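The primary structure of each chain is shown beneath.
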Amino acid sequence: MSARELETNLAGSGMRIGVAQARFNEEIGEGLRSGCLAELARLGVADGDVTYATVPGALELPLTLQAMAQSGRFDALVALGAVIRGETYHFEIVSNESARGITDVQLNCGIPIANAVLTTENDDQALVRMVQKGTEAAQAAIEMANLLKALK
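Residues numbered from 1 in each chain as written. Predicted model: local features only at pLDDT ≥ 70, side-chain atom pairs only at ≥ 80, totals over all residues. Heavy atoms only, no water.

Undergrad: Explanation requested: the pairing of strand E3 (residues 76-84) in the structure shown.
TA: As a general feature of sheets, a regular strand has side chains that alternate between the two faces. The buried fraction of E3 amounts to nine of the nine residues, a majority that puts the element mostly inside the structure. With burial as the criterion, each face of E3 is covered, one bearing Ala76, Val78, Leu80, Ala82 and Ile84 and the other bearing Leu77, Ala79, Gly81 and Val83. Of the strand pairs in this sheet, strand E1 (residues 17-22) and E3 are connected by five bridges, and their pairing is parallel. Across the sheet, residue Gln21 finds its bridge partner in E3, namely Leu80. Alignment of E3 against strand E4 (residues 113-120), held across eight bridges, turns out to be parallel. Bridging across to E4, Ala82 finds its partner in Leu118. In this region the chain leaves E3, passes through helix H3 (residues 90-109) and returns to the parallel neighbour E4; the handedness of that crossover is right-handed. (Buried < 20%, exposed > 50% of the residue type's maximum accessible area, 1.4 Å probe, protein only. Helix = DSSP H or I, 4+ residues; strand = E, 2+ residues; numbered from the N terminus. Pairing = 2+ DSSP bridges. Right-handed = clockwise from strand over helix to strand, strands pointing away.)

Here it is, written out as structure tokens:
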């Protein structure tokens, strides 16, 4: 017996992608965005097929992503942001609840969401990771959109 394997497909031509970015820790968010948008273009997604929205912080991302998912206008979504540890428990709340909310939207709406909300101990860790994480998020969004189409 030979199993049918679905190949990884990073072809983004014709894909419609929604990107939501938290403005808190804006410098990190901009690095994430630059990596993400450059990679989407490299993978063949037309500029006009990308919708970009900003929100105040990571806790506002799930609601925005939900509205995007429910619109039926997108093949995949990307969440961008940075939550950097401070001196209070707030870091855990924001990190955990934004991730939970993003996952809930993805599962409830059936649309892939690449979660590129960095959670780091300090600014330096985020600065080192921002462009690469944005790039990886673009790849994950395209790959998952293509995989879901192949599974239908």
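Undergrad: Explain the packing of aromatic side chains to me, please; I cannot follow it from the model alone.
TA: Here a ring pair, both rings aromatic, is described through the centre-centre distance and the interplanar angle of the planes. Enumeration over the complete set of coordinates arrives at zero aromatic pairs. Taking NZ or CZ as reference, Arg33 lies 5.0 Å from the ring centre of Tyr52, over its face. (Phe/Tyr/Trp six-rings, centres within 6.5 Å; stacked < 30°, edge-to-face > 60°. Lys NZ or Arg CZ within 6 Å of the ring centre and 35° of its normal.)

Undergrad: Would you mind showing me how to read H3 here?
TA: In a regular helix each residue adds 1.5 Å, so 20 residues correspond to 28 Å; H3 covers 28 Å between its end C-alpha atoms and thus fits that length. The complete set of buried residues in H3 reads Phe91, Val94, Ser95, Ser98, Gly101, Ile102 and Val105. Viewed along the axis of H3, the buried residues span an arc of 145°, placing them on a single side of the element. The exposed residues of H3 that point more than 90 degrees off its buried face are Asn96, Leu107 and Asn108. Looking at the buried positions of H3, the neighbouring elements they touch are helix H2 (61-71), E3 and E4. Downstream of H3 by a residue or two, Gly110 has a phi angle that is positive, lying close to 70°. (Expected span 1.5 Å × (residues − 1). Arc of directions from axis to C-beta. Contact = heavy atoms within 4.5 Å.)

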